[in-house]
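The lines below spell out each chain.
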Amino acid sequence: MTFACRRMTAGALASLTLLLTACGGNDANDRVVRRDSSGVTIVESRGPAWRESRGWHLSSQPTLEIGQTDGPPEYQFHRVEGALLLEDGRVVVADAGSGEIRFYGRDGTFQRSSGGRGQAPGEYQAITSLGYGPADSIWVFDYGLRRFTVLTSDGNPTRTLTVGGNLSAVNAMGRLSDGWFVVKEGWSSGLHSENRQGLAREPVAVVRISPDGSSLDTIATVAGREVFLSSEDGRAVMSAPLFGRNSSAAVTGDRVFIGDQEMLEVMLYEADGRLDQIVRVPGVDLRLTGSEIQQATAKLLADEPVERRPMMQAHYQQMDTPPAKPA
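Engineer: What am I meant to see in the overall build of the protein chain here?
Structural biologist: Helices and strands together make up the secondary structure of the protein chain, namely three helices and 23 strands. Across the 327 residues in the protein chain, those meeting the buried criterion constitute 41%. Long-range contacts, defined as pairs at least 24 residues apart, comprise 46% of the intrachain contacts of the protein chain with a sequence gap of at least 6. For the protein chain, the computed accessible surface area is about 17100 Å², with 48% contributed by carbon and sulfur atoms.

Structural data, given as structure tokens:
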């Protein structure tokens, strides 16, 4: 585990968008163009807003490394689902394999862990997200239990919030400045309709949830995960196609940034659901070629045991492929 930049989490998507939208009007080369469309600001970036010498750069060497291939279990990780840098320099890591939230000193020395696998308060079945809470607290989202857990900066659980309603396969996107959490559906219930075949991409909801879980408000409805639907022995089968598209979201302050991978663009929503800006890079060719499909298939097959490769090759060949790559 390597750290070379402070708080480069899901908010990095939002930060990049803010940089693009903060570039002002047109420059001499018309690299950034703004226009209004029915009250929504459209920002088109046709080139970097900064000169080459002023762009962002990461250091060539990490400032801190945590983890060992062979060593004590507290320094071994299985499915890291998030890492935070606290104000005092400590590092917090969510390890989904062990169900633990681990705390390390500013020098990378292990200090303590909390959690573990289970269903009791402060335990987890399937950690998928970790984020900053109010003051110096942190929050953890458990996909399996559909539950947020808020912890002190020392890892002690203070409260939990279970996501109710009719949302399907929800995952956490972040926390708004007013304390509301934002989640996104992973699937649409419409995908399970009978007799559907081929590629499908149904809409999913991005929803904000009040701190006590009593209120749910839809921020936006966007295209969900692209899947390939087929049938096998009379039952419906849902598979992940090559180059399947999916939507993603990030939260910063009181805004939510959403991309649906149809175009190279990010949509900026206010917390009340109002679409405020669309930031895009126009003219990007996303057409998918036969050689790219072949290369992707070969790479996936190379990771399979030899005895499974013929079966998996037939599996990929029988699936349709989207006409374009995910943006």
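Further notes follow.
Engineer: For this particular structure, what's the right way to read the nonpolar core?
Structural biologist: The nonpolar side chains of a soluble globular protein tend to be buried with one another. Ranked by size, the top nonpolar core spans 19 residues in total, and within it Leu176, Val182, Val256 and Ile258 carry the most contacts. Counting residues per element, the ones that place at least two in this core are strand 3 (40–45), strand 16 (203–209), strand 17 (216–223), strand 20 (248–252), strand 21 (255–259) and strand 22 (265–270). Per-element accounting of this core gives the leading share, three residues, to strand 17. Setting aside chain neighbours within four positions, we find Val256 in contact with Leu176, Val182, Val206, Ile219, Ala250, Val251, Met267, Leu268 and Tyr269. If you look at the next biggest cluster of nonpolar residues, it comprises 14 residues, including Trp139, Phe148, Val163 and Val183.

Engineer: Please clarify how the packing of helix 2 (residues 290–302) against helix 3 (residues 309–317) should be interpreted in this entry.
Structural biologist: Pairs of packed helices are described in terms of their axes, by the angle between the two and the distance that separates them. Direction vectors running N to C along helix 2 and helix 3 enclose 150 degrees, while the axes themselves pass 10 Å from each other. When the axes of helix 2 and helix 3 are compared, the pair comes out roughly antiparallel. Considering the relative orientation of helix 2 and helix 3, their crossing is right-handed. Contact residues: Thr297, Leu300, Leu301 and Ala302 in helix 2; Arg309, Met312, Gln313 and Tyr316 in helix 3.

Engineer: Would you mind going over the pairing of strand 22 with me for this structure?
Structural biologist: For a regular strand, side chains alternate in direction, first toward one face of the sheet and then toward the other. Most of strand 22 sits out of view: six of its six residues are buried. Here strand 21 runs beside strand 22; their pairing, made up of four bridges, is antiparallel. Each residue of the ladder has a partner; that of Phe257, found in strand 22, is Leu268. Inspection of the sheet shows strand 22 paired to strand 23 (residues 275–280) by five bridges, in the antiparallel sense. Bridge pairing in strand 23 places Val266 opposite Val279. In sequence, strand 22 turns back onto strand 23 through a hairpin of four residues, with Gly273 there showing a positive phi of about 95 degrees.

Engineer: Teacher, can you tell me more about the sheet that holds strand 2 (residues 32–37) here?
Structural biologist: Whether parallel or antiparallel, the strands of a sheet pair through hydrogen bonds between backbone atoms. Strand order in the open sheet formed by six strands is 2-3-23-22-21-20, and the pairing between neighbours is mixed. Strands with a single pairing partner mark the edges of an open sheet, and in this sheet they are strand 2 and strand 20. Neighbour-to-neighbour, the strand axes of this sheet turn through a mean angle of 20 degrees, independent of strand direction.

Engineer: Which parts of the structure should I look at to understand the sheet that holds strand 18 (residues 227–232)?
Structural biologist: What the three strands build is an open sheet, ordered 15-18-19; its pairing is antiparallel. Each end of this open sheet is capped by a strand with a single partner; those strands are strand 15 (198–200) and strand 19 (235–239). Adjacent strand axes in the sheet meet at a mean angle of 35 degrees, parallel and antiparallel pairs treated alike. Examined bridge by bridge, strand 18 and strand 19 share five bridges and lie antiparallel to one another. Each residue of the ladder has a partner; that of Leu229, found in strand 19, is Met238.

Engineer: Please explain a nonpolar patch on the surface as it appears in this structure.
Structural biologist: A cluster of nonpolar side chains, Leu264, Val281 and Val284, forms an exposed patch at the surface whose accessible area comes to about 190 Å². With respect to the helices, strands and loops of the structure, Val281 is situated in the loop between strand 23 and helix 2.

Engineer: What is the right way to read the packing of aromatic side chains from this model?
Structural biologist: Aromatic rings in a pair are described by how distant their centres are and how their planes are angled relative to each other. Considering all chains together, one arrives at seven aromatic pairs under this definition. With 4.7 Å between their ring centres and 55 degrees between their planes, Phe141 and Phe148 make a pair best called tilted. This pair shows no difference in class: Phe141 is buried, exactly as Phe148 is. By way of ring pairs, the aromatic residues Tyr75, Phe77, Tyr104 and Phe110 are connected into one cluster. Above the ring of Trp180, the side-chain terminus of Arg208 is found at 4.4 Å from the ring centroid.

Engineer: How should unusual backbone geometry be read in this particular structure?
Structural biologist: The backbone of Arg79 sits at a positive phi, close to 65 degrees, despite the residue not being glycine. When you line up the elements, Arg79 lands in the loop between strand 4 (64–65) and strand 5 (80–85). Residue classification places Arg79 among the partly exposed residues on the basis of a relative accessible area of 45%. Despite not being glycine, Arg146 shows a phi value in the positive range, around 55 degrees. You can see Arg146 is positioned in the loop between strand 10 (138–142) and strand 11 (147–151).

Thresholds applied
Residues numbered from 1 in each chain as written. Predicted model: local features only at pLDDT ≥ 70, side-chain atom pairs only at ≥ 80, totals over all residues. Heavy atoms only, no water. Helix = DSSP H or I, 4+ residues; strand = E, 2+ residues; numbered from the N terminus. Buried < 20%, exposed > 50% of the residue type's maximum accessible area, 1.4 Å probe, protein only. Contact = heavy atoms within 4.5 Å. Areas by Shrake-Rupley, 256 points an atom, 1.4 Å probe, with all protein chains shown as cover. Core = buried A, V, L, I, M, F, W, Y, C linked by side-chain atoms within 4.5 Å. Axes fitted to C-alpha atoms, helices over the stretch in contact; angles between N-to-C directions. Parallel < 35°, antiparallel > 145°, perpendicular 65-115°, else oblique. Left-handed = near helix turned anticlockwise from the far one by under 90°. Pairing = 2+ DSSP bridges. Patch = residues over 30% accessible without salt bridge, like charges linked within 9 Å, V, L, I, M, F, W, Y side chains within 5 Å. Salt bridge = Lys/Arg side-chain N within 4 Å of Asp/Glu carboxyl O. Phe/Tyr/Trp six-rings, centres within 6.5 Å; stacked < 30°, edge-to-face > 60°. Lys NZ or Arg CZ within 6 Å of the ring centre and 35° of its normal.

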